[in-house]
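Reading the structure
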Amino acid sequence: NDSEAAKQHRLWQARVLIRNVVVIRSEGAEPEPLFIHVVLESEGEEGTRAQYYQSSRVIVNSATEMQAALDQSRLRLHSAQKSLSDLQHIAKGSKQIKLIGTAAGHVQKATGALDRLAGD
């Protein structure tokens with residue numbers, strides 16, 4: 001269905017744009033994302049969830065949305081860990097194995113920090 005594919009493509013383009021909007025408050029300051037993707041599991045019906053982009057200023061003041069954003073970050077880090085583990089497995093003996101191991105160590109450290117934060 002071409003019209004549905006076109007609609008989905010436009011939605012994908014919009015998501016890419018939204019994820020890349022940043023605010024720079026002063027010269028030399030770190031850019032801050034304007035919107036954060038939030039996935040909230042709905043209470044009641046199992047398997048239903050709400051997904052949307054929320055202003056980063058709102059998220060820092062909402063415990064529920066901040067937790068949801070942290071949960072999504074943890075999922076992405078766990079996915080990165082799996083990907084790097086797969087690369088380590090297939091790259092044994094290659095020149096890149098040391099760099100892959102270094103990256104895996106950093107991701108593992110970040111995952112551990114978010115896991116500890118989730119335990120608070």
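Preceding this paragraph is the structure being described.
Residues numbered from 1 in each chain as written. Predicted model: local features only at pLDDT ≥ 70, side-chain atom pairs only at ≥ 80, totals over all residues. Heavy atoms only, no water.

Digging into the overall build of the protein
Along the protein, the regular secondary structure elements total 4 helices and 4 strands. Along the protein, from the amino end to the carboxyl end, the secondary structure elements read α-β-β-β-β-α-α-α. Taken over the C-alpha trace, the protein has a radius of gyration of 18 Å; the compact-globule value for 120 residues is 14 Å, which it surpasses by more than 25%. Principal-axis analysis of the C-alpha atoms places the extent of the protein at approximately 45 × 45 × 45 Å. Of all 120 residues assigned to the protein, the portion counted as buried reaches 18%. Long-range contacts, defined here as pairs at least 24 residues apart, represent 30% of the contacts in the protein between residues at least 6 apart. (Helix = DSSP H or I, 4+ residues; strand = E, 2+ residues; numbered from the N terminus. Rg over C-alpha atoms; globule rule 2.2 N^0.38 Å. Buried < 20%, exposed > 50% of the residue type's maximum accessible area, 1.4 Å probe, protein only. Contact = heavy atoms within 4.5 Å.)

Points about the side chain of Ser 56
Tracing the backbone shows Ser 56 in helix α2 (residues 56-59). The class for Ser 56 is buried, based on a relative accessible area of 17%.

Quick word on the pattern of salt bridges
Pairs may arise between side chains of opposite charge once their charged atoms sit close together. Under the definition given, this model contains 4 salt bridges. Salt-bridge contacts for Glu 32 lead to Arg 25; the nearest nitrogen and oxygen are separated by 3.4 Å. Given the relative accessible area of 33%, Glu 32 is considered partly exposed. Measuring nitrogen to oxygen at the nearest pair gives 2.8 Å for the salt bridge that ties Lys 82 to Asp 86. Highlighted residues: Lys 82 and Asp 86, both in helix α3 (residues 63-90), separated by 4 residues, approximately one helical turn. (Salt bridge = Lys/Arg side-chain N within 4 Å of Asp/Glu carboxyl O.)

What about the packing of α3 against helix α4 (residues 97-119)?
For the pair α3 and α4, interaxial distance at closest approach is 9 Å and the crossing angle is 155 degrees. The angle between α3 and α4 falls in the class roughly antiparallel. Here α3 runs over α4; the crossing is left-handed. For the contact of α3 with α4, the class distribution of residues is 14 nonpolar, 7 polar and 2 charged. (Axes fitted to C-alpha atoms, helices over the stretch in contact; angles between N-to-C directions. Parallel < 35°, antiparallel > 145°, perpendicular 65-115°, else oblique. Left-handed = near helix turned anticlockwise from the far one by under 90°. Nonpolar A, V, L, I, M, F, W, Y, C, P; charged D, E, K, R; others polar.)

Overview of the environment of Asp 115
The residue Asp 115 is located in helix α4 in this model. Since its relative accessible area comes to 32%, Asp 115 is described here as partly exposed. In this structure, the C-alpha to C-alpha distance between Asp 115 and Leu 40, residues 75 residues apart in sequence, is 18 Å.

Structural notes on helix α1 (residues 2-19)
Under the 1.5 Å per step criterion, the end-to-end length of α1 is 26 Å for 18 residues, consistent within 8% with the ideal 26 Å. For α1, the capping residue at the N-terminal end is Asn 1, with a side-chain oxygen 3.1 Å from the backbone nitrogen of Ser 3. (Expected span 1.5 Å × (residues − 1). Polar contact = N/O pair within 3.5 Å; in protein donor to acceptor, adjacent residues only side chain to side chain.)

Here we look at the nonpolar core
Counting 8 residues, the largest nonpolar core is built from Leu 70, Leu 77, Leu 84, Ala 91, Ile 100, Ala 104, Val 107 and Leu 114. Listed by contribution, the elements that provide at least two residues to this core are α3 and α4. In terms of residue count, α4 provides more of this core than any other element does, 4 residues in total. Ignoring any residue separated from it by four or fewer positions in sequence, one finds Leu 70 in contact with Leu 114 and Leu 117. (Core = buried A, V, L, I, M, F, W, Y, C linked by side-chain atoms within 4.5 Å.)

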